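Topology and contacts: notes
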Amino acid sequence: MDLTHSSAVVTGAASGLGAATAHALAARGVRVLGLDLPAQLEDIAPAPGVEYVAADVTDEALVAAALERVPTEAPLRLVVNCAGIAPARRLLSSKGVHDLATFRRTIEVNLVGTFNVLRLAAEVIARTEPDADGQRGLIVNTASVAAYEGQIGQTAYAASKGAIVGLTLPAARDLARHGIRVNTIAPGIVATPLLTALGPQVVDSLAASVPFPPRLARPDEYAQLVLMLAEHDYLNGETIRMDGALRMAPQ
Ligand SMILES: NC(=O)c1ccc[n+]([C@@H]2O[C@H](COP(=O)([O-])OP(=O)(O)OC[C@H]3O[C@@H](n4cnc5c(N)ncnc54)[C@H](O)[C@@H]3O)[C@@H](O)[C@H]2O)c1
């Protein structure tokens, strides 16, 4: 799919994978709407080609309003769902039983938020003119290798990401008649601020657990995969692991 003169929506655009993707798309001349929470956008440095919009991905009205800002002269062709949270709680621990609120919140942000953006953006993309192949756009979701190998303390996170993997094929099937593809990326361990904050020792031991290359992935490698997915029209309904052959151990 040709992204020339098009717009993209990237959620979680203030940090990590979303930020790298927003910058990479803007560098290609794509008009990017970068959604994130208001607090995250307060002191954000302006990025050429990226318009930041404060919107919680779980909020129907805010996401719909954000999508109205897509410029008419640059049709929406690409949506990248990066917003997410990753709380860790054991089912049973010295602090007691896993609270229901954390489980619900994780499902709400990661799964319901992804679905909310996917459905509302699909409606906007479906109104655009198709290209010569009948294609209108692509939606990329972000799962995690935890969808397959959730670690200790990751029941909520793994459930939310497993559900994103699960919805990828039926979403692609639903939207096929509109010329919209849906794919999901399941990253392994990526060097985002969230992860590097764990400190060099933890980062080094995580890096050593990756078969090859024995390092953390870089956020720009995620962005590169998004661009590859955009370019490859036959990739649809698929979840792609980006993990250096890593299979997570129980902890
Ligand atoms: N970093 C990794 O190693 C890794 C691995 C696998 C999957 N992932 C997934 O990739 C995605 C991005 O992770 P990251 O490492 O870039 O994290 P990050 O914390 O650097 O960025 C996530 C962004 O999402 C935003 N966000 C959170 N809740 C939101 C909401 N309700 N509405 C709008 N924005 C919201 C945050 O403010 C933040 O800017 C997440 O879904 C995460 O689960 C990351």
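Note that the coordinates shown come from a computational prediction; the quantities given were computed from them, not determined experimentally. (Residues numbered from 1 in each chain as written. Predicted model: local features only at pLDDT ≥ 70, side-chain atom pairs only at ≥ 80, totals over all residues. Heavy atoms only, no water.)

**A few points about the overall build of the protein chain**
Helix and strand content of the protein chain: 8 helices and 9 strands. Over its C-alpha trace the protein chain gives a radius of gyration of 18 Å, about what one expects of a compact globule, namely 18 Å for 251 residues. Counting only C-alpha atoms, the protein chain reaches 55 × 40 × 40 Å along its principal axes. Each of the 251 residues in the protein chain was classed as buried or not, and the buried ones make up 50%. (Helix = DSSP H or I, 4+ residues; strand = E, 2+ residues; numbered from the N terminus. Rg over C-alpha atoms; globule rule 2.2 N^0.38 Å. Buried < 20%, exposed > 50% of the residue type's maximum accessible area, 1.4 Å probe, protein only.)

**Description of the site of the ligand**
In the region of the ligand, 25 residues are neighbours, and Ser15, Asp36, Tyr157, Lys161 and Val190 sit closest. Contact between the ligand and Asp56: a nitrogen atom at 2.9 Å from a side-chain N or O atom of the residue. Contact distances for the ligand include 2.8 Å between an oxygen atom and a backbone N or O atom of Val190. If the ligand stood free it would expose 820 Å²; the protein chains cover 93% of that surface. Those elements that provide at least two residues to the shell around the ligand are helix H1 (16-27) and helix H5 (155-176). Of the residues assigned to the shell around the ligand, the class counts are 13 nonpolar, 9 polar and 3 charged. (Near = heavy atom within 4 Å. Polar contact = N/O pair within 3.5 Å; in protein donor to acceptor, adjacent residues only side chain to side chain. Areas by Shrake-Rupley, 256 points an atom, 1.4 Å probe, with all protein chains shown as cover. Nonpolar A, V, L, I, M, F, W, Y, C, P; charged D, E, K, R; others polar.)

**Comments concerning the side chain of Lys161**
Of note, Lys161 is situated in helix H5. Buried and without a salt bridge, Lys161 has Asp36 as its closest oppositely charged side chain, separated by 13 Å. When sequence neighbours within four positions are dropped, the list of residues in contact with Lys161 reads Asn110, Thr142, Ala143, Ser144 and Ala147. (Lys, Arg positive; Asp, Glu negative; His and termini not counted. Salt bridge = Lys/Arg side-chain N within 4 Å of Asp/Glu carboxyl O. Contact = heavy atoms within 4.5 Å.)

**Observations regarding the confidence of the model for the protein chain**
Averaged over every residue, the pLDDT of the protein chain is 96; residues scoring 70 or more account for 100%. Mean pLDDT across the secondary structure elements of the protein chain bottoms out at helix H6 (residues 193-196), with 80, and peaks at strand E8 (residues 180-187), with 99. (pLDDT = per-residue confidence, 0-100.)

**Some words on the packing of helix H3 (residues 60-67) against helix H4 (residues 100-126)**
In the contact formed by H3 and H4, the axes pass within 10 Å of each other and the chain directions differ by 35°. For the crossing formed where H3 meets H4, the hand is right-handed. Counting all contacts with H3, which are made through Glu60, Val63, Ala64 and Leu67, the residues of H4 involved are Asn116, Val117, Arg119, Leu120, Ala121 and Val124. Residues of the contact of H3 with H4, tallied by class, amount to 7 nonpolar, 1 polar and 2 charged. (Axes fitted to C-alpha atoms, helices over the stretch in contact; angles between N-to-C directions. Left-handed = near helix turned anticlockwise from the far one by under 90°.)

**Topic: the side chain of Thr21**
Within the secondary structure, Thr21 is located in helix H1. The contact partners of Thr21, leaving out residues within four places of it in the chain, are Val10, Val80, Tyr222, Ala223 and Val226.

**As for the sheet that holds strand E9 (residues 239-242)**
Picture the strands of a sheet paired through backbone hydrogen bonds; they go either parallel or antiparallel. Taken together, the 7 strands give an open sheet; going across it, the order is E3-E2-E1-E4-E7-E8-E9, and neighbouring strands pair in parallel fashion. The open sheet is flanked by strand E3 (50-54) and E9, the only strands paired with a single partner. Across this sheet, the average inter-strand angle for adjacent strands is 20°, counted without regard to direction. Bridging between strand E1 (residues 7-11) and strand E2 (residues 31-36) involves 5 bridges; their strand directions are parallel. Residue pairing across strands places Ala8 opposite Val32, the latter belonging to E2. The strands touched by helix H8 (residues 219-231) within the sheet are strand E4 (76-81), strand E7 (137-142), E8 and E9, with E8 carrying the most contacts at an inclination of about 155°. (Pairing = 2+ DSSP bridges.)

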